[in-house]
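Chain by chain, the residues run as shown.
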Amino acid sequence: MGKLAVRALRAVLVVVLAGTVFVQALMVWVLVSASDPEDGSLPLTPLRVITILGMVSVQVALVCVWRLVTMVQRGTVFSQAAFRYVDGVIGAIVAAALLWFAVTVLNAPGQRADPGVTVIMGGVGVAILGVALIVLVLRMLLAQAVARDVEASQMQAELDEVI
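These numbers were taken from a predicted model, which means no experiment stands behind them. (Residues numbered from 1 in each chain as written. Predicted model: local features only at pLDDT ≥ 70, side-chain atom pairs only at ≥ 80, totals over all residues. Heavy atoms only, no water.)

Trainee: Go over the layout of surface pockets with me, naming the residues and quoting the values.
Mentor: In this structure, the largest pocket encloses a volume near 350 Å³. Surrounding the largest pocket, 14 residues form its lining, L68, V72, V77, V86 and L142 being those nearest its centre. Taken together, the elements giving at least two residues each to the lining of the largest pocket come down to α2 (44-74), α3 (81-107) and α4 (116-162). Split into classes, the residues belonging to the lining of the largest pocket amount to 13 nonpolar, no polar and 1 charged. Lining the second largest pocket, in full, are L47, I50, T51, G54, M55, S57, V58, A96, L99, W100, V103 and I128. Secondary structure elements with two or more residues in the lining of the second largest pocket: α2 and α3. Per element, the largest residue contribution to the lining of the second largest pocket is 7 residues, and it comes from α2. Counted by class, the lining of the second largest pocket contains 9 nonpolar, 3 polar and no charged residues. (1 Å grid on protein atoms, 1.4 Å probe; cavity = no way out; pocket = protein on both sides within 12 Å on 5 of 7 lines; lining within 4 Å. Points joined across faces, edges and corners; volume = space filled by probe spheres on them. Helix = DSSP H or I, 4+ residues; strand = E, 2+ residues; numbered from the N terminus. Nonpolar A, V, L, I, M, F, W, Y, C, P; charged D, E, K, R; others polar.)

Trainee: An account of the nonpolar core is requested, with residue identities and associated values reported.
Mentor: Ranked by internal contacts, the top residues of the largest apolar core, which has 15 residues, are L68, M71, A82, V86, V135 and L142. When contributions to this core are tallied by element, the ones reaching two or more residues are α2, α3 and α4. Top element by residues in this core is α3. It accounts for 7 residues. Setting aside residues no more than four positions away along its own chain, L142 makes contact with V77, F78, A82, F83 and V86. L47, L99, V103 and M121 belong to the second-largest nonpolar core, a separate cluster that totals 5 residues. (Core = buried A, V, L, I, M, F, W, Y, C linked by side-chain atoms within 4.5 Å. Buried < 20%, exposed > 50% of the residue type's maximum accessible area, 1.4 Å probe, protein only. Contact = heavy atoms within 4.5 Å.)

Trainee: Account for the packing of helix α1 (residues 3-33) against α2, with residues named and values stated.
Mentor: Contact geometry for α1 and α2: axes closest at 9 Å, N-to-C directions at 160°. Of the possible angle classes, the one that applies to α1 and α2 is roughly antiparallel. The element α1 and its partner α2 pack so that their crossing is left-handed. Across the contact of α1 with α2, the residue classes tally to 21 nonpolar, 7 polar and 2 charged. (Axes fitted to C-alpha atoms, helices over the stretch in contact; angles between N-to-C directions. Parallel < 35°, antiparallel > 145°, perpendicular 65-115°, else oblique. Left-handed = near helix turned anticlockwise from the far one by under 90°.)

Trainee: Lay out the packing of aromatic side chains with the relevant residues and their values.
Mentor: Aromatic rings in a pair are described by how distant their centres are and how their planes are angled relative to each other. Throughout the structure, instances matching the rule amount to 0 aromatic pairs. We note R10 situated over the ring of W66; from NZ or CZ to the ring centre the distance is 4.5 Å. (Phe/Tyr/Trp six-rings, centres within 6.5 Å; stacked < 30°, edge-to-face > 60°. Lys NZ or Arg CZ within 6 Å of the ring centre and 35° of its normal.)

Trainee: Mind laying out α1, listing which residues take part and the relevant values?
Mentor: An α-helical turn contains 3.6 residues, so a residue and the one three or four places further along point in the same direction. Compared with an ideal rise of 1.5 Å per residue, which puts 31 residues at 45 Å, α1 spans 45 Å between its outermost C-alpha atoms and is within 8% of the ideal. What α1 keeps buried is the set V6, R10, L13, T20, Q24, M27 and V30. (Expected span 1.5 Å × (residues − 1).)

Encoded structure:
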């Protein structure tokens, strides 16, 4: 991975992390200082809590990607240690999908006249789970690469003994 690509990715990760921290702080401040409307409209407190938790899931994914990029730079990504971070990304994506489904459920009663919105929101949740499945497939590819790397190291050691 080129130095420019690593720097660009890290810059994006820092900006997104700063943005999520800002949104979290704003949601916590609003959560503490405001109350839900009493006119029967959408309850805002659960949505604010879900937003805060959603930002946590994004932050977990960002930290895991940062660690994986560091491992790529050092040439240690094809090791068992990388699985912890890939699993963290998968877990964060699944958590985000579950939070999205919670938003969909909270929003559904207000969409009785237009249930298509709820169906679309459910579809977005399924798409988010699809991203988790894609990362899971990439994890399987990483597992194969790690196994091949271990096998190659063993063969090299045997060859070194022969020579």
